[in-house]
Each structure stands twice: as C-alpha cells, then as structure tokens.
Amino acid sequence: MASLWSSLERDVFNPQSKKLLETICVWKMGKKKKMSILCVVVDAFKPVKPFLVKVKVDRGEQYKIAYRWPLAELKLVDGKTLDQASLDFDLHFDKVYKWTASSCDEKKTFIRCLWKLNHRFLSRTIKFVNVPSCPVEGTQRPQEDRKDTAETESQEELSAYQEMTPKEAADVLRLMEEYEPLVNNSVAFAEQLSNDLHVLDEANLRAIISSEKQVTKLMSSIDEALAEVARVEETLQVYDELLGSVKQQMDHIHQENSLLHHILSNKTKLMDEILFLTTHLDLGKEHCEALSRADLSSPSGVKACVAAAEALSGCMNIQIQPGYRKLQAVAEQLIMFETLKQNFENSFISHVTNIFELQGNAQVDALMQPFDKLSAPSHGLQHEELVPYTPLMAWLRNANPVLFSDLPKVYAQNLCRLYDREIKAFFEQAKMLLLGRRKGSLQEGLEKPMVMGSRQHSRWSLPGSREGQEDTPDRGNVIKVLEQVLRELQPLCTAEQQFIEKFFHLSQNTSELQVLEVPASKGRENMASAEDPPCTKPRSQLEEPTTRLLGEIFSSLEPELRGFLDVCNKTHPFSCLQVLVTLSDSVFEMWGSSSAPPSSFLNTVLGNMLLLAKSSFNKCIGTLCKEIKEAKAPSKMRGGILPSVSRFEEFVNFSEEVFRTAQRRGELDKAHLRLASSVFSSINSLSSANLKVNTDMVMMENFHHIHCFLGQKKIQCLEDKKREAKQRYSEHMEKYVITYLGQPLEKLNHFFEGVKARIAQGVKEEEVSFQLAYSKQELRKVIERYPGKEVKKALETLYRKIHKYLSPEENLLPVVWHAMEQELIRQYQELEDLIQRCYAGSGITMDFTMMDLLSYFNSITLSSV
C-alpha cells in the first residue's frame, strides 16, 4: 500500500498540484477482473477543493486517470448494510456508481475520509445512509477526535500565519528599546506590563461612568422615535382599510374585463370555424345537378362531371374535428356528399361497363384485308372513346379503390373476346399468305404430311432442291411473313399497354390493385438455355399488374403464335432455322430500340416462343444427326462422296445463308459441331461395311471433300474439325497407297519382310544369306520374277484400277499417283540398302533401277493425259 500511495503521489497527483488523502481498490459489481483505484484528493493551494478520482492501471503498470468528480457533486453515500459487514457501497452523483471494495477496513477508512471532508469543506451536504460508524466516530473516539482537531487547528494556525509588516516590526523594536532595561529582567518586565494593563482598565471604567448621561439622553430619543413609529402605523392602518374596498372593486373590474376578452375571442374563433365549414363543405348547385344527372354520353356532360367529381372530392377530403360530425347541419351535408358519391359511382361504373361490353362484342368485318397484305387490327378508335373518362377513373381510384379494382377485370374480360377474334383472323390470314393458298385449301395444305424424317420428301433433300418443290412455299417467304407478323404485333401490344397504364393508372401504386393473373405456361422453366434473351424476365416482374392485365386481354396471342410457328416449321424441313433467326433478331432489335419502350408482355411471349424455336431447332438437329449416323452406304457403292457428307454440306450452306445477318449464332455453332461429329462417325462406320471397293479410298475421298469444303466456308467453330479431317484424309491415303503398292512387288516385299524379321530376331546382317529360306539363290529367284517390263505392266494395271474407283469430282488421282510414286521409290531404296548390307559382294541387283521406275511413272502419267 505504501508503494501504491507513493507511486500515485509521484506519478499522478504531484504533477497536478494535488494532495492525496485516501485510496481504495474497487471494481464494479460482477466485474472483479476490471479493478480500479478510487482516490480522494484536495488542491495543494487555496481555495481548497476536494475531488474523487478514478485511476486505472494499464498493462505496462502505468497509472492513468479515467474520470474525476468534484466532491461537491456527491449527493449520497450508501454503505449497503447496517448489521453485517459488506464490501459493496454506492456513490450517488448524477448517476449511481456501484462499487465493491477489496476489504471492509479499506471501505470504512474511505467512508470516514468522505465524512470528514463533508463536515470540513462541504457543510454536511452529503447524506450518509447505512453507515453506522460515521456519527459514532465523533462520540466514542474523543481522543482520536481531539487529535484530529489539534492537527486541524495546527494546520489552520500554520496556514493563518502571516509575516509582519515593516511598520509592525518598527513598533516592536521601539517598544523593546523603551523597555530595554526591563527586557533583561523578564520578571520585572512582566510586572511592568501588568501594571500598565491595570492603569488602562481603570481609565476605561472611568470613561464609561462619565458617558452615562449621554446614554440616558440616547434612550429618551429612542422612546420618542418608537412613539412616532406607533402613530405612523396607526395612520397606515387607516389608509389600508380605506383602500381595501377600492382593491376589491378593481379586482372585480379586472375579472369582468377578462371575461369580455374571452367572449370576444370565442366569438372570433366560432366565426372562423363557421366560415371554414360553410366554405369548404359547400358544394355548388351546378355540381350537385351534374352528379345527379350523370350525363356521360356527351363531351360537355363528361367535362361537367369531372369538375363536379373533383369538387366533391375536395369537400369530402377536408379534415374536420370529430366533434363537428355530431352537428346536425354538418352530418346532413356529409350524408348528402356520400349519397351523391355513391349514386355517381354506380352511374359511372354502369356507363363504362356498357362501353366495355359494346367494344368486346364488336364485329371483325372491317378487319378483312386484301390477300397479299397483312395488317394487325388497330384499336385507336376504342381508346379514343375511353380517354375522356381517364380523370373520372383517377377520381374513382382515390374515392373507392375496391370498386375501381374490378374495372380492369371487366375490361379484360370483354376486350379479350374481341382480341381473340381479331388475333385468330390475323393469324389465319398470315397462314394463307405463308402457304400461298386461299382459305379453302389452307386446311388441306396443313394436313399434308411434311415430316422431318419422311423418305418421300426430306430424306436427302433440302428446300430449294427439285424433289418436292412443286408443293413447297418459297423458303424466303417464311422469313418475310414471320417478320411481318412480329412487326405488326409490336405496335398492337405497345398501344394497348400504354392505354391501360394511362387509363387505369397502373404505373402509380399498382401494388394495391388485384387484377387477374396470366395462366403460366407449363414447362417453361425446363426450356431455359445459356443464350436466353433478356426478355425472359423474373417471375416477380411477370406478376406486375400491367403484364397480368395484358395477359388476360391477349390470352389467345401465345397459343395462336405457337400454332403459326408450327405451320412455319412444317413448310420445309429446315424452316426451324429461319424461325429461330427471325425470332432472335426481332427480340434483340426490339430491346435495342430506344424510340419507344416495348411491351413487356410481348417480350415475355416472344421470349417463350424463342425458347420453343430453340427446342424445335435442337430436335431438328438431333433428328438429322440420327439419320446421318444410321445411314448405311449402298452395297453396290463404287466410291465417291457419301450421302451423309452431301447432306452435311447442303445443311451448312443453307444454315450459313440463313444466319448470315443473324446477331447471335451460338446455337448454330453447336449444331455444326454435332453434325460434324455425326458425319465423322458415319464415315468411320465404313470400316466395318462390306464394300466392293477399298474402304480407305472411300474414307480418304470423303475426308478430303470435308476438308476442302470447310476450308472454303472458313467457319470458326469447325476449324478443329477441318484439321481433324485433313489428318484423317492423310492417314487413309497412306494406308491406301501402302495397300495397293504391295501388289506390283508382292513376293519381293514378302521376301524382304522375312529378312527384316530375322534381323529383328538377332541374326547378324552378314549371316542372313546363310539362312536356307533367305539364301542368295532364293533372292535371285525372287528378283528374276520382277523384270522391268513386268513391273511397268503391274504399275499400268494399278493406275487403271485407281483411275476406275477414284471419284473424278475430287480430282485425287494425281495426288494418289504421286504418293504411290514416292512410296515405291522409298521401298526400292530400302530394298537396295538391305541387299547391300545382307548380301554384300554377291553382285545381286534388281532388274530395274530408280531411273527406270521414274520413267515408268512418267510414261504412264503421260499416256493417261
């Protein structure tokens, strides 16, 4: 404790000119780990002010002042208990601080220090409760108190001592000089001082006795003054009684004036309220008549009803105090307003509903267009008929949202019938325009089978080929008609969307309206792909009131459009490509256009149709891949290009033409890769086919044809397939050349194959000639069978055979013949080398030289030209 005390004084309080009186180690209740030190300090200079300081110890054993309270702000010290010892105590400043001491002795010492400071410096302003030791210490410990009192007095005396002034020092010196002889004798000096004191006392008594007459005179003057004061009080009492009645009268007058002021104020407020009610709750007679008549058939009547409805809303929306509604006049006026409102609401709703029904029952006669012209219906006249009622729709929406929410449903139910008839007629005309037939032959054309895999029409033919072209529409007509259909649908849906948003105010607080929902098409989620257009919106946006209302109005649009796309897909086998490109370009062009915001409903429908078109395209590619893989080469086939390769070539030409201006071609690239893989698989399957011609030759020709075709098209996604085709073409040409070159020198090649086998088994080259089957005699016999004339004759036979089976369209004869020439020269050099190594010194040579071989090939080539 001594070290803690000295450390606190040295490090914390001495630099601040504070004197430490008491310390105690405490912590907050329930937080024993966070210990602090409470210190009681006073200023080391006057005036002395006591403080309570909270000191914290950081990790480096450094003391830091956390908080400081002036002790004058302490209101109460609560010791917590009277009977038993407790370590807890509370200090009440502006808030209550609850502490726990480390020991009871420290707690008592700390509270005793606060008690003393409270008595000495704070005039006992601090209240002590549940602290029995504080008052007892003043009575049961007199010695200790006296000691403290003595110490305090000594401190006060020391603090009260002041240095003598020069005048006081001079007086003392003069006194000492006057009594200098007596100063040396202290006893005589004390006696002298005592005598002087008696003399002074005697003089004082005589002065007092001599002043007795003056005192008597002063007392008589005081008595006279008291008598005069009594007379003045009596006079004031009389005046007070006289003024009492005047005060009562003045109070009465003041009270009456206050009442008059209140009356005037109340009258003014009453007039203001009456003027407010009569001004704002007064509906003009002309407005009442307009609402009562509800003349909505003429423009002037509609204009008068709009003004009257707005005036009625202004009267009914005035905020009045609840007590005013109990007034009979106000109640009658409000009842009249409500009656007018309800009657006009019923009349207006009935009138608008009748207009909806008349428009929904309208005939489609005026919709008929010339056969060669396709035009979507226009509802501009119907919209113009309803536009004047837009302000009344806004009024009804604010006045009665429940009734207003039913009107969009009624509008959708009635207009749905009209749009169903118009959309069906529109698509019937589009189908006739697409197929080039009149209505009578339309059904017959649709019922005619045009199946993708039918052998009669589309086994190995495309639109534009001569087979089946008589009854097939122009393939460019599909794109033309479909683009025209989509171009006509956009303004139709956009105009309807803009009208219902304006007429029904759907763009403002549409969450409160509950309109019909669009029946969701099943299975849409299963048709999603990585290239879905941006028009496929999230479900939360599809459920917006505008889109749901449009879905109810155009309920037949999506089924009719789906049926029309089916007709487009059936016009020829690959029309699904045209449908996919046209839909995709239309959707992205619609979203990229900034002239007018497209209909979100139409975008959703077209997005679903685009997914359907992608599905149809994928089915078409799957069917074509299956046909290519399952296609079997004719058993009497004598070379040439396979039908599957021709089919692939025709599809690529057609698809590239269709996708030439397309904005996106990801689906086509995938289809090209699938078809190329199927064609490669179809060519590879020839290895197991029983053909009358060499399989390597057929595969070589077809891979060569594919490589050249892909090189001309320069399709980025098929670059790998082009390289693979070149590799496969080279491999099969090498196999074909090696196979056919074995025929001219068959036995000679067989002999040296055995020689190479012996060398591979470990027989030395110079010992091969000692093998019985590979002796020099046997070699001479084999060489004698291949004179130069026989070799030339064999090569001529080989050339005629290659020329017979190779397809002239591919022009591979010079290439193959040159490859055979190089291969035969390589074999000749290899045989000569083996003869030199294994039969050295025997003088054995072949009957023809390399120059002879070159002349043979040259003469054969020249003779065939």
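These notes cover the structure that comes with them. (Residues numbered from 1 in each chain as written. Predicted model: local features only at pLDDT ≥ 70, side-chain atom pairs only at ≥ 80, totals over all residues. Heavy atoms only, no water.)

Take the overall build of the protein next. For the protein, the count of helices and strands is 31 helices and eight strands. Looking at the protein residue by residue over its 865 residues, the buried ones come to 40%. For the protein, the share of sequence-separated contacts (at least 6 apart) that also reach a separation of at least 24 residues comes to 71%. (Helix = DSSP H or I, 4+ residues; strand = E, 2+ residues; numbered from the N terminus. Buried < 20%, exposed > 50% of the residue type's maximum accessible area, 1.4 Å probe, protein only. Contact = heavy atoms within 4.5 Å.)

Moving on: helix α20 (residues 557-570). With 14 residues, α20 extends 20 Å between its outermost C-alpha atoms, agreeing within 8% with the 20 Å of an ideal straight helix rising 1.5 Å per residue. Inspection of α20 places Leu557, Glu558, Glu560, Leu561, Phe564, Leu565, Val567 and Cys568 among the buried residues, and these make up the whole buried set. (Expected span 1.5 Å × (residues − 1).)

Taken together, Val215, Leu218, Met219, Ile222 and Leu226 make up a surface patch of nonpolar side chains, about 470 Å² in accessible area. Note that Leu218 resides in helix α8 (residues 212-280). By relative accessible area, which is 53% here, Leu218 ends up exposed. (Patch = residues over 30% accessible without salt bridge, like charges linked within 9 Å, V, L, I, M, F, W, Y side chains within 5 Å. Areas by Shrake-Rupley, 256 points an atom, 1.4 Å probe, with all protein chains shown as cover. Salt bridge = Lys/Arg side-chain N within 4 Å of Asp/Glu carboxyl O.)

Attention now goes to a positive patch on the surface. On the surface, a cluster of positive charge is contributed by Lys28, Lys34, Lys56, Lys64 and Lys95. Looking at where Lys28 falls in the secondary structure, it is placed in strand β1 (residues 18-28). Here Lys28 falls in the partly exposed class, since its relative accessible area comes to 41%. (Lys, Arg positive; Asp, Glu negative; His and termini not counted. Charge placed at Lys NZ, Arg CZ, Asp CG, Glu CD.)

What follows is about the sheet that holds strand β6 (residues 88-92). Strand order across the open sheet formed by eight strands is β4-β3-β2-β1-β7-β6-β5-β8, with mixed pairing between neighbours. A single partner strand is all that each edge strand has here, and the edge strands are β4 (63-70) and β8 (127-129). The sheet shows a mean angle of 30 degrees between the axes of neighbouring strands, direction not considered. Here helix α2 (residues 104-121) sits on the sheet in contact with β1, β2 (35-43), β3 (50-57), β5 (76-78), β6, β7 (96-101) and β8, set at roughly 135 degrees to β1. (Pairing = 2+ DSSP bridges. Axes fitted to C-alpha atoms, helices over the stretch in contact; angles between N-to-C directions.)

The axes of two packed helices give the description: the angle between them and the distance between them. Where helix α22 (residues 600-630) contacts helix α24 (residues 666-684), the two axes come as close as 8 Å, and the packing angle between them is 10 degrees. Relative to α24, the element α22 is oriented roughly parallel. Every residue of α24 that contacts α22 at Lys614, Phe617, Asn618, Ile621, Gly622, Leu624, Cys625, Ile628 and Lys629 is listed here: Glu667, Leu668, Ala671, Arg674, Leu675, Ser678, Val679 and Ser682. Across the contact of α22 with α24, the residue classes break down as nine nonpolar, four polar and four charged. (Parallel < 35°, antiparallel > 145°, perpendicular 65-115°, else oblique. Nonpolar A, V, L, I, M, F, W, Y, C, P; charged D, E, K, R; others polar.)

Close approach of charged atoms allows side chains with opposite charge to pair. Following the criterion strictly, the structure yields 19 salt bridges and no others. Ionic pairing is found between Asp90 and Lys80, a salt bridge with its closest N-O pair at 2.8 Å. With Asp90 in strand β6 and Lys80 in the loop between β5 and β6, the pair connects residues that are ten residues apart, well separated along the chain. Using a relative accessible area of 3% as the deciding quantity, one classes Asp90 as buried. A salt bridge links Arg562 to Glu558; the nearest nitrogen and oxygen atoms lie 3.3 Å apart. Highlighted residues: Arg562 and Glu558, both in helix α20, separated by four residues, approximately one helical turn. Residue classification places Arg562 among the partly exposed positions, given a relative accessible area of 30%. Glu558 sits in the buried class, given a relative accessible area of 12%. Several salt bridges share partner residues, and in doing so they unite Glu753, Lys756, Arg826 and Glu830 into one network.

Positioned with a positive phi, Ser17 is a non-glycine residue whose angle comes to about 60 degrees. Along the chain, Ser17 falls in the loop between α1 (2-13) and β1. Positive phi, close to 55 degrees, is recorded for Asn130, a residue that is not glycine. Residue position: Asn130 is located in the loop between β8 and α3 (133-140).

Sheet analysis places β1 next to β7, joined by three bridges and oriented antiparallel. Bridge pairing in β7 places Lys28 opposite Trp99. Of the pairings in the sheet, the one linking β6 to β7 comprises five bridges and is antiparallel in character. When the bridges of β7 are listed, Phe89 appears paired with Trp99. Between β6 and β7, which pair antiparallel one after the other, the connecting turn spans three residues.

Of the strand pairs in this sheet, β5 and β6 are connected by three bridges, and their pairing is antiparallel. Within β6, the position partnered with Leu76 by the bridge is His92.

Let us now look at the environment of Phe554. Here Phe554 shows up in the loop between α19 (545-553) and α20. With 47 residues separating them in the primary sequence, Phe554 and Phe601 have C-alpha atoms 9.2 Å apart. Setting aside residues no more than four positions away along its own chain, Phe554 makes contact with Tyr419, Ile423, Leu492, Cys493, Glu496 and Phe601.

Let us look at the environment of Lys789. Here Lys789 is to be found in helix α29 (residues 788-805). The exposure class assigned to Lys789 is exposed, which follows from its relative accessible area of 75%. Placed 58 residues apart in sequence, Lys789 and Asp847 show a C-alpha to C-alpha distance of 9.4 Å.

For any pair of aromatic rings, the description rests on two quantities: the centre-to-centre distance and the angle between the ring planes. What the rule picks out here adds up to 20 aromatic pairs. Consider the rings of Phe648 and Phe709, whose centres lie 6.5 Å apart with planes at 75 degrees: the pair is edge-to-face. One end of the pair, Phe648, is in helix α23 (residues 643-658); the other, Phe709, is in helix α25 (residues 695-713), and 61 residues separate them in sequence. Put simply, the rings of Tyr67, Trp69, Phe93, Tyr97 and Trp99 touch in pairs and so form one group of aromatic residues. (Phe/Tyr/Trp six-rings, centres within 6.5 Å; stacked < 30°, edge-to-face > 60°.)

Take the packing of α23 against α24 next. It is the contact of α23 with α24, at a shortest axis distance of 10 Å, that shows an interaxial angle of 170 degrees. Of the possible angle classes, the one that applies to α23 and α24 is roughly antiparallel. Residues Ser644, Val645, Phe648, Phe651, Val652, Ser655 and Glu656 of α23 pack against Leu668, His672, Leu675, Ala676, Val679, Ser682 and Ile683 of α24. Grouping the constituent residues of the contact of α23 with α24 by class yields nine nonpolar, four polar and one charged.

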